[in-house]
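# Examination of the molecular architecture
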Amino acid sequence: MKSIAPGVIGLLSLLSSMTAQGEEKPNILFIVADDLGYADVGFHGSKEIPTPNLDKLAAAGVIFTDGYVSAPYCSPSRAGLLTGRYQNRFGYEFNPKGNAGLPLAERTLADRLKAAGYVTGLVGKWHLGQLPEQHPQRRGFDEFFGFLGGARSYVKSEGVFRGNEPAGHIDYTTDAFGREAVDFINRHAAAPWFLYLAFNAVHTPMQATDDRLAKFPDITGRRKIYAAMTLALDDAVGRVMQALEAKGLSDKTLIAFISDNGGPTMEGVTVNASLNAPLRGSKRTTLEGGIRVPFVLSWPGHLQPGIYKKPVISLDLNATALAAAGVALPGQDQRDGVDLLPYLQETTKSLPHETLYWRFGQQMAIRDGDYKLVRYDPVADGQKKQDTDLTPRLYHLTDDIGESKDLAAAMPDKVKELQARWDAWNATLIAPRNGKASASDNEEEDAGSRKKKNRGD
Ligand code: CA
């Protein structure tokens, strides 16, 4: 084999850190919260629970008022985020049962960025399969520190892994994940990297540290613990932002922040005392409260800070990250997200999406401009399951963000039009392959409080 001179290696490594446009490849940081309510961040007006670090991130970036995820539930939402495709296209509609996981034919964002020369890491929650071949390090991540399941104790060490090995003593997972993220950034400061920082905060079980509980003397009960858990999440984000600053990476890092689904306010084991106001509905529903989430994109020096009010979806974050990294995909790779950068940099006046779609078992939704047609789980309104009424409702979201005034009877043609459009989209999907809709989230992966053996969650 012909030897390559060190100078050439240096040049090659420099070239691999550049995009096709000759710009330096940015680092990509996805921060995902779990079951965080739309109302429970300072940048959405929360006064009760301070989130100064998330607010700082939001103030330096773009806040999306109408930012959606592709599912109202943990695992399928993550499948959409990491593939950039409506997860229903590959049958990944629910949380995985048994040995189900993200289908191996799907390529993750980590796969693609790794192929483009990025160092890739997952810190936190995986929830896309627990078999060896479904392990994050087989799905594009060079490094993994976290847990494989859907939820877990914040204070037990068992089930937290570094790679395939037990991670050792954990004090509080949110703090540990923050520290690990900082360590990842410090170790890879010179390389372009992708870090998927997926907190289990603020999913149940309700567990917080005493020092943070003490900061909320005026809040009681479950909401007090939720506030302290949210504060821990914010603290961890703050440490990560400080690490970026200290390494001079703030302007070289594209950061996205979302919750994987809306706050769980509907009866079930994942109820965490979150609030989705002014949205109606909960995690597990296709009402806005299930699918519209806190949503921020920040890239100082490249994106003007501001508020963006047109609908976008988590799938776009995948496409945006690839575009920022200069990764072009073959045409046959069907994706549903779009690169948001031209819309945010105002180099195009059109909309990222005329229409967005959801399917979650018998529930559905389509958002088309200001209108939304939705079949949702009426349990969200406190009804009993046997009262199930899946009549489609029509709402004008711009006038009626709380989905309180059903326009279906008054606008039958609009109902027909949106139903036909959703039917056409639905015809491009396959049947769910990874489980079934659960009547309540009692069937969710686990809530960390029940005993599961050898699940790593
Ligand atoms: Ca979740």
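Residues numbered from 1 in each chain as written. Predicted model: local features only at pLDDT ≥ 70, side-chain atom pairs only at ≥ 80, totals over all residues. Heavy atoms only, no water.

### A word on the overall build of the protein
Looking only at helices and strands, one finds 11 helices and 16 strands in the protein. When the 457 residues of the protein are sorted by exposure, 59% land in the buried category. Contacts in the protein between residues at least 24 apart in sequence constitute 68% of all its contacts with a sequence separation of at least 6. With an accessible surface of roughly 18100 Å², the protein has 53% of that area assigned to carbon and sulfur atoms. (Helix = DSSP H or I, 4+ residues; strand = E, 2+ residues; numbered from the N terminus. Buried < 20%, exposed > 50% of the residue type's maximum accessible area, 1.4 Å probe, protein only. Contact = heavy atoms within 4.5 Å. Areas by Shrake-Rupley, 256 points an atom, 1.4 Å probe, with all protein chains shown as cover.)

### Here we look at the coordination of the calcium ion
Taken together, the protein ligands of the calcium ion are Asp34 (OD), Asp35 (OD), Cys74 (SG), Asp260 (OD), Asp260 (OD) and Asn261 (OD1), with distances of 2.3 to 2.6 Å. Its six donor atoms give the calcium ion angles of 53 to 160 degrees at the centre, a pattern that matches the irregular case. We note that the donor set of the calcium ion lies within a single chain, spaced as D-D-x38-C-x185-D-N. With aspartate 34 in the loop between strand E1 (27-33) and helix H2 (52-59) and cysteine 74 in helix H3 (residues 74-83), the pair connects residues that are 40 residues apart, well separated along the chain. (Donors = N, O, S within 2.8 Å, 3.2 Å for Na, K, Ca; no water. Tetrahedral: all angles 85-135°; square planar, octahedral: opposite > 155°, others 65-115°.)

### Focus: the sheet that holds strand E5 (residues 143-147)
One open sheet accounts for 10 strands, arranged E7-E6-E5-E4-E8-E1-E9-E10-E2-E11; its pairing is mixed. Each edge of the open sheet carries a strand with a single partner, namely strand E7 (165-166) and strand E11 (306-308). (Pairing = 2+ DSSP bridges.)

### Some words on the pattern of salt bridges
If you walk through the whole model with that rule in mind, you get 27 salt bridges. The closest approach of N and O atoms between arginine 367 and aspartate 66, which form a salt bridge, is 2.7 Å. Pair noted here: arginine 367 is in strand E14 (residues 363-368) and aspartate 66 is in the loop between strand E2 (62-64) and strand E3 (67-68), with a separation of 301 residues, a long-range link. When its relative accessible area of 8% is taken as the criterion, aspartate 66 is described as buried. Arginine 393 is paired through a salt bridge with aspartate 406; the nearest N and O atoms lie 3.5 Å apart. Highlighted residues: arginine 393 in strand E16 (residues 393-396) and aspartate 406 in the loop between E16 and helix H11 (412-426), separated in sequence by 13 residues. Classification of arginine 393 as partly exposed rests on a relative accessible area of 22%. Judged by its relative accessible area of 34%, aspartate 406 is partly exposed. (Salt bridge = Lys/Arg side-chain N within 4 Å of Asp/Glu carboxyl O.)

### Focus on helix H9 (residues 314-324)
Burial analysis of H9 places 10 of its 11 residues in the buried class, the great majority of the element. Listed in full, the buried residues belonging to H9 are Ser314, Leu315, Asp316, Leu317, Asn318, Ala319, Thr320, Ala321, Leu322 and Ala324. Within two residues after H9, glycine 326 carries a phi angle of roughly 75 degrees, on the positive side.

### Notes on H11
In this model, H11 (15 residues) spans 21 Å end to end at C-alpha, consistent with the 21 Å of a helix rising 1.5 Å per residue. Within the sequence span of H11, burial applies to Lys414, Val415, Leu418, Gln419, Trp422 and Trp425. Relative to the axis of H11, the buried residues are bounded by an arc of 125 degrees and lie together on one face. Residues Asp413 and Lys416 are exposed on H11 and point more than 90 degrees away from its buried face. Close packing links the buried residues of H11 with strand E13 (355-360), E14, strand E15 (371-375) and E16. (Expected span 1.5 Å × (residues − 1). Arc of directions from axis to C-beta.)

### Considering the packing of aromatic side chains
Any aromatic ring pair is given by two values, namely how distant the centres are and how the planes are angled relative to each other. Applying the stated criterion across every chain yields a total of 17 aromatic pairs. Ring centres of tryptophan 422 and tryptophan 425 lie 6.1 Å apart, and the angle between their planes is 55 degrees; this geometry places the pair in the tilted category. Of this pair, tryptophan 422 and tryptophan 425 both sit in helix H11, separated by three residues, roughly a single helical turn. Judged by relative accessible area, which is 6%, tryptophan 425 ranks as buried. (Phe/Tyr/Trp six-rings, centres within 6.5 Å; stacked < 30°, edge-to-face > 60°.)

### Topic: the nonpolar core
Counting 54 residues, the largest nonpolar core has Leu29, Trp193, Leu195, Leu197, Phe199 and Phe257 as the members making the most contacts within it. Looking at this core, the elements with two or more residues in it are E1, H2, strand E4 (119-125), E5, helix H5 (173-187), strand E8 (193-198), helix H7 (221-246) and strand E9 (253-259). In this structure leucine 195 touches Ile28, Leu29, Phe30, Gly121, Val123, Ala181, Phe184 and Ile185, once residues within four positions along its chain are discounted. Among the nonpolar cores identified, the runner-up in size contains 46 residues, and Phe30, Leu82, Phe90 and Ala324 belong to it. (Core = buried A, V, L, I, M, F, W, Y, C linked by side-chain atoms within 4.5 Å.)

### Concerning the sheet that holds E16
Taken together, the four strands give an open sheet; going across it, the order is E13-E14-E15-E16, and neighbouring strands pair in antiparallel fashion. Both edges of this open sheet fall to E13 and E16, since each of them pairs with a single strand only. Taken pair by pair, the neighbouring strands of this sheet meet at an average axis angle of 10 degrees, ignoring direction. With six bridges connecting them, E13 and E14 associate as antiparallel partners. For tryptophan 358, the partnering residue across the bridge sits in E14 and is alanine 365. The strands touched by H11 within the sheet are E13, E14, E15 and E16, with E14 carrying the most contacts at an inclination of about 110 degrees. (Axes fitted to C-alpha atoms, helices over the stretch in contact; angles between N-to-C directions.)

### Some remarks on the environment of arginine 433
Among the structural elements, arginine 433 can be located in the segment after H11. A residue is classified by how much of its surface remains accessible, and arginine 433, at 67% relative accessible area, is exposed. The spacing of arginine 433 and proline 103 is 330 residues in sequence and 9.8 Å in space, taken between C-alpha atoms. In this view, arginine 433 contacts Phe90 and Gly91; residues no more than four positions away in its chain are not counted.

### Points about the confidence of the model for the protein
For the protein, per-residue confidence averages 91 on the pLDDT scale, and 90% of positions sit at 70 or higher. Considering only residues more than four positions removed or in separate chains, one finds that residues 1-12, a stretch of pLDDT under 50, has one contact. Across residues 442-457, where pLDDT falls below 50, the model places 50 contacts with residues more than four positions away in sequence or in other chains. (pLDDT = per-residue confidence, 0-100.)

### Quick notes on the side chain of serine 153
When you line up the elements, serine 153 lands in the loop between E5 and strand E6 (161-162). Given the relative accessible area of 7%, serine 153 is considered buried. Of the polar contacts made by the side chain of serine 153, one reaches the backbone nitrogen of valine 155; its length is 3.0 Å. Here the side chain of serine 153 touches lysine 156 through a polar contact of 3.0 Å, landing on its backbone nitrogen. (Polar contact = N/O pair within 3.5 Å; in protein donor to acceptor, adjacent residues only side chain to side chain.)

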